[in-house]
Amino acid sequence: MTDHSALLRPAAAEFLRVAAAAQPLAAPTPCTGYDVRGLLNHLLYWGPWLAAAGRRETYQATGTEADADLVGEGWLATLEKQTQDLVDAFASAAAWDGLATLGSATMPAAIVGDMVLGEFVIHGWDLARAVGVTLNCSEEAAEAVRASAVAMGEQARAMGVYGPEVPVAAGAPALDRALGACGRDPAWTV
């Protein structure tokens, strides 16, 4: 597995820039089943799980994502703190080595780290499209997300995490190919 820790900080900064523009909260997103509020709630719910996995700690949530209502007053400050926590948890190469536990599943830590990068890039793009701003993503980060999405694709689709793969031209930008591998149509508009 590859250590993508150097890609996290710039991806997180861009994700937060986009999240700060996330209005209106009722706007639809390309992430099936989520409006902006729902997607932010998803990110706020799962972020502590991912950070705990990076630190090799146990995390116990109260309730399910569907029960959570985390997008109240101060949600952006909470998301900023959580995003920094995720970057810190996966900042060292050692965080990407060995195994990590996410909920009840044990998996290579690099897969969890790639999930974090994917959250910043793919869900950052979802938010950007929903509110009409552009997500700036390095080719290297987009390619890392694409490779991870291809590697996990069938399992992620079976679990309902990704939608059906969207065909994208082989010569398309890496971000478009990453989006297609995750089941997103790069041409999606509100």
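This text gives an overview of the structure that appears in the document. (Residues numbered from 1 in each chain as written. Predicted model: local features only at pLDDT ≥ 70, side-chain atom pairs only at ≥ 80, totals over all residues. Heavy atoms only, no water.)

Some details on unusual backbone geometry
For step 1, the next point in the chain: Residue Pro 24 is bonded to the preceding Gln 23 through a cis peptide linkage, with omega at 0°.
For step 2, the next point in the chain: In this structure, Pro 24 sits in the loop between α1 (5-19) and α2 (36-54). (Helix = DSSP H or I, 4+ residues; strand = E, 2+ residues; numbered from the N terminus.)

Brief notes about the packing of helix α4 (residues 109-131) against helix α6 (residues 174-181)
For step 1, the next point in the chain: Close contact between α4 and α6 brings their axes to 11 Å; oriented N to C, the two are set at 90°. It follows from the interaxial angle that α4 and α6 lie roughly perpendicular. Within the contact between the two elements, α4 uses Val 121, Ile 122 and Trp 125 and α6 uses Leu 175, Ala 178 and Leu 179. (Axes fitted to C-alpha atoms, helices over the stretch in contact; angles between N-to-C directions. Parallel < 35°, antiparallel > 145°, perpendicular 65-115°, else oblique. Contact = heavy atoms within 4.5 Å.)

Looking at the packing of α1 against helix α3 (residues 75-89)
For step 1, the next point in the chain: Packing of α1 against α3 leaves a shortest axis separation of 10 Å and a crossing angle of 170°. Here α1 is positioned roughly antiparallel relative to α3, judged by the angle of their axes. Of α3, the residues touching α1 (which contributes Leu 8, Arg 9, Ala 12, Phe 15, Leu 16 and Ala 19) are Trp 75, Leu 76, Leu 79, Glu 80, Thr 83, Gln 84, Val 87 and Asp 88.
For step 2, the next point in the chain: For the contact of α1 with α3, the per-class residue count stands at nine nonpolar, two polar and three charged. (Nonpolar A, V, L, I, M, F, W, Y, C, P; charged D, E, K, R; others polar.)

Digging into the packing of aromatic side chains
For step 1, the next point in the chain: Evaluation of the coordinates by the stated rule reveals six aromatic pairs.
For step 2, the next point in the chain: The interplanar angle of 35° and the centroid separation of 5.4 Å between the aromatic rings of Phe 15 and Phe 120 together place this pair among those described as tilted. Here the residue Phe 15 occupies a position in helix α1, and Phe 120 occupies one in helix α4, the gap between them amounting to 105 residues. The same class applies to Phe 15 and to Phe 120, which are both buried. (Phe/Tyr/Trp six-rings, centres within 6.5 Å; stacked < 30°, edge-to-face > 60°. Buried < 20%, exposed > 50% of the residue type's maximum accessible area, 1.4 Å probe, protein only.)

Describing the nonpolar core
For step 1, the next point in the chain: Grouped together as the largest cluster of nonpolar side chains are 63 residues, with contacts concentrated most on Val 36, Leu 40, Leu 79, Leu 117, Phe 120 and Leu 127.
For step 2, the next point in the chain: For this core, the secondary-structure elements that each account for two or more residues are α1, α2, α3, β1 (99-102), α4, α5 (139-158) and α6.
For step 3, the next point in the chain: At 13 residues, α4 tops the list of elements feeding residues into this core.
For step 4, the next point in the chain: Excluding residues that lie within four positions of it along the chain, Leu 117 makes contacts with His 4, Leu 7, Leu 8, Ala 11, Ala 141, Ala 144 and Val 145. (Core = buried A, V, L, I, M, F, W, Y, C linked by side-chain atoms within 4.5 Å.)

A closer look at the environment of Tyr 34
For step 1, the next point in the chain: The topology assignment puts Tyr 34 in the loop between α1 and α2.
For step 2, the next point in the chain: Note on Tyr 34: relative accessible area 25%, which makes it partly exposed.
For step 3, the next point in the chain: Note: C-alpha distance between Tyr 34 and Ala 13 (21 residues apart in sequence) is 23 Å.
For step 4, the next point in the chain: Look past the residues within four positions of Tyr 34 in its chain and what remains in contact with it is Pro 28, Thr 29, Leu 39, His 42 and Glu 65.

Some remarks on the pairing of strand β2 (residues 105-108)
For step 1, the next point in the chain: By the bridge criterion, four bridges tie β1 to β2 in an arrangement that is antiparallel. What sits directly across from Leu 99, in β2, is Pro 108.
For step 2, the next point in the chain: As consecutive antiparallel partners, β1 and β2 are separated by two residues, and within that stretch Gly 103 has a phi angle of approximately 65°, a positive value. (Pairing = 2+ DSSP bridges.)

Overview of the side chain of Glu 14
For step 1, the next point in the chain: You can see Glu 14 is positioned in helix α1.
For step 2, the next point in the chain: For Glu 14, a relative accessible area of 11% gives the class buried.
For step 3, the next point in the chain: Leave out the neighbours within four places in its chain, and Glu 14 touches Thr 134, Leu 135 and Asn 136.

Some points on the state of the cysteines
For step 1, the next point in the chain: Applying the stated rule across the entire model yields zero disulfides.
For step 2, the next point in the chain: There is no disulfide at Cys 31, and the cysteine sulfur nearest it, in Cys 182, is 9.9 Å away. (Disulfide = S-S within 2.5 Å.)

Some remarks on the environment of Leu 44
For step 1, the next point in the chain: In this fold, Leu 44 is placed in helix α2.
For step 2, the next point in the chain: Residue Leu 44 is classed as buried on the basis of its relative accessible area, which comes to 5%.
For step 3, the next point in the chain: Sequence separation of Leu 44 and Gly 124 is 80 residues, and the distance between their C-alpha atoms is 13 Å.
For step 4, the next point in the chain: Contact partners of Leu 44, with chain neighbours within four places excluded, come to Leu 70, Val 71, Trp 75, Thr 78, Leu 79 and Gln 82.

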